[in-house]
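Observations on the model geometry
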Amino acid sequence: MKINEQFLTKNEYSRPGIKINKWTKVAIHYVANPGSSAQANRNYFENLKDTHTTKVSSHFVVGLNGEVIQCIPLDEISYCTNQANSYAISIETCHPDSSGKFNPATEQSLAELVAFLLKKFGLTVNDIIRHYDVTGKICPKWYVEDSAAYSRFKSSVASLMAGKTQSAPEDDTVSPVKLFYVQVGAFSIRANAEAFLGMVKQKYRDAFVKNYGGMYYVQVGAFSSQVNAVTFLADVKKDYRDSFIKVF
Ligand SMILES: [Zn+2]
């Protein structure tokens, strides 16, 4: 997830320049304009300085292809979440049609962005809010109407936060299935990874090398449940103190 900074011109309709340095929530919205791009939404906020039609903006806009545009610096408020503007960072999210459902690439970037912001400000997944939670507005539509989708989203944010600084690899974005790998070593040279694997296998017979992004990871188990991976990791740590869980 890359953040493309395109700060709005300061103006009273979309970037009032009011300073805030303590955020306690991250608020999620949907743009309610099917098929519109992140750039178009950002430009709409910018043009309010001339059109004066309304007061609205957001700190971030996540686009249909997962692109992220930042419109307002993180020490200023946005005009997005009504009475929560003074304590909530706001994210507008694009969607292809009127159902309000997000594309997988959009949802992935949104999860990465939310995980990044929660970590940055020392918050947890319990500090994610929807516009709906503040005003009762059906926003973001998908996460209000489909509570299972909203729960899944929050767990994926939690996984990203648990996965150290690791964000999901790009070619994984189409697959909703994530595995938790217990990893004992990482090598840039395959032969070194294989040699290490030979030692590891004396105790962990199912150990294997996973080649990913030009690196060779020596792993001793893969779990679909994070809890099971954590339980197993506790044992492995007795042999390999630096082992940890990697999410792919
Ligand atoms: Zn909203």
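Here the residue numbers are simple positions, counted from 1 along each chain's written sequence. Totals for whole chains, interfaces and linings use all residues, but because this is a predicted model, local features are given only for residues with pLDDT of at least 70 and pairs of side-chain atoms are given and counted only at 80 or more.

Here we look at the overall build of the protein
Assigned secondary structure in the protein consists of 7 helices and 10 strands. In terms of principal-axis extent, the alpha carbons of the protein reach across some 70 × 35 × 35 Å. Here a residue counts as buried when 20 or more other C-beta atoms sit within 10 Å of its C-beta, as exposed when there are 12 or fewer, and as partly exposed otherwise, the C-beta atoms being derived from the backbone. Across the 248 residues in the protein, those meeting the buried criterion constitute 37%. Residue pairs qualify as contacts under a 7 Å threshold applied to their C-beta atoms, which are placed from the backbone. Contacts in the protein between residues at least 24 apart in sequence constitute 70% of all its contacts with a sequence separation of at least 6. Helix and strand labels come from DSSP, where a helix needs a run of H or I of at least four residues and a strand needs a run of E of at least two; each type is numbered from the N terminus.

Overview of unusual backbone geometry
Peptide bonds are, in most cases, trans, and in most cases residues other than glycine have a negative phi. Of note, the bond from Cys139 into Pro140 is cis; its omega dihedral lies within 30 degrees of zero at -5°. Tracing the backbone shows Pro140 in the loop between helix 3 (131-135) and helix 4 (141-145). Look at Asn82: it is not a glycine, yet its phi comes out positive at around 55°. Inspection of the secondary structure assignment puts Asn82 in the loop between strand 4 (68-70) and strand 5 (88-93). Its 12 C-beta neighbours within 10 Å are what place Asn82 among the exposed residues.

Considering helix 6 (residues 190-201)
Relative to the 16 Å expected for 12 residues at 1.5 Å per residue, helix 6 spans 16 Å between its end C-alpha atoms, a close match to the ideal helical length. Of the residues making up helix 6, those classed as buried are Ala193, Leu197 and Val200. The buried residues of helix 6 occupy one face: seen down the axis, they fall within an arc of 60°. Among the exposed residues of helix 6, those oriented more than 90 degrees off its buried face are Ala191, Ala195 and Gly198. Taken together, the buried residues of helix 6 touch strand 7 (180-187), strand 8 (208-212) and strand 9 (215-223). Here the expected span of a helix is defined as 1.5 Å times the quantity of residues minus one. Relevant arc is that of directions from the helix axis to the C-beta atoms, nothing else.

What to know about the packing of helix 2 (residues 104-120) against helix 5 (residues 147-162)
Running from amino to carboxyl end, helix 2 crosses helix 5 at an angle of 55°, the nearest separation of the two axes being 9 Å. Relative to helix 5, the element helix 2 lies oblique. Note that helix 2 runs across helix 5; the crossing there is right-handed. Of the residues in helix 5, those in contact with Glu107, Ala111, Glu112, Val114, Ala115, Leu118 and Lys119 of helix 2 are Phe153, Ser156, Val157, Leu160 and Met161. Class assignment of the residues belonging to the contact of helix 2 with helix 5 gives a composition of 8 nonpolar, 1 polar and 3 charged. Only the stretch in contact is used when a helix axis is fitted, and all axes are lines through C-alpha atoms; the angle between N-to-C directions ranges over 0 to 180 degrees. Working rule for angles: under 35 degrees goes down as roughly parallel, over 145 as roughly antiparallel, 65 to 115 as roughly perpendicular, anything else as oblique. If you view the pair so one helix is near and one far, a crossing is left-handed when the near helix is turned anticlockwise from the far one by less than a right angle, and right-handed when it is turned clockwise. Following the grouping adopted for this structure description, the nonpolar residues are Ala, Val, Leu, Ile, Met, Phe, Trp, Tyr, Cys and Pro, the charged ones are Asp, Glu, Lys and Arg, and the polar ones are all others, Gly among them.

Re the sheet that holds strand 7
Between any two strands, pairing holds if DSSP finds at least two bridges. In space, the 4 strands of this open sheet follow the order 8-9-7-10, with antiparallel pairing throughout. In this open sheet, the two strands that pair with only one neighbour each are strand 8 and strand 10 (244-247). Neighbouring strand axes in the sheet, compared pairwise and without regard to direction, differ in orientation by 50° on average. Here strand 7 runs beside strand 9; their pairing, made up of 7 bridges, is antiparallel. Its bridge partner lying in strand 9, Phe180 is registered against Phe223. With respect to the sheet, helix 7 (residues 226-239) is in contact with strand 7, strand 9 and strand 10, its orientation differing from that of strand 7 by roughly 45°.

A word on the sheet that holds strand 5
In a beta sheet, neighbouring strands pair by backbone hydrogen bonds and run either parallel or antiparallel. Across the sheet, 6 strands lie side by side as 1-4-3-5-2-6; this open sheet has mixed pairing. In this open sheet, the two strands that pair with only one neighbour each are strand 1 (3-5) and strand 6 (128-130). On average, each strand axis in the sheet is inclined to that of its neighbour by 25°, with strand direction left out of account. Where helix 1 (residues 38-51) meets the sheet, its contacts fall on strand 3 (60-62), strand 4 and strand 5, and the angle it forms with strand 3 comes to roughly 155°.

Some words on the domain arrangement of the protein
Each domain span listed reflects an automatic or database assignment of domains. Looking at the assigned domains, one finds that the protein contains domain 1 (3-164) and domain 2 (180-247). Each side of the interface is counted separately: domain 1 has 4 residues, and domain 2 has 4 residues. When grouped by side-chain class, the residues that make up the side of domain 1 that touches domain 2 number 1 nonpolar, 2 polar and 1 charged.

Description of helix 7
Its 14 residues place the ends of helix 7 20 Å apart at the C-alpha level, agreeing with the 20 Å of an ideal helix rising 1.5 Å per residue. Maximal helix bending in helix 7 amounts to about 25°, located at Leu233. Burial in helix 7 covers these residues: Ala229, Leu233 and Val236. Against the buried residues of helix 7 lie strand 7, strand 9 and strand 10. The reported bend at a residue is simply the angle between two axes, fitted to the 7 residues ending at it and to the 7 residues beginning with it.

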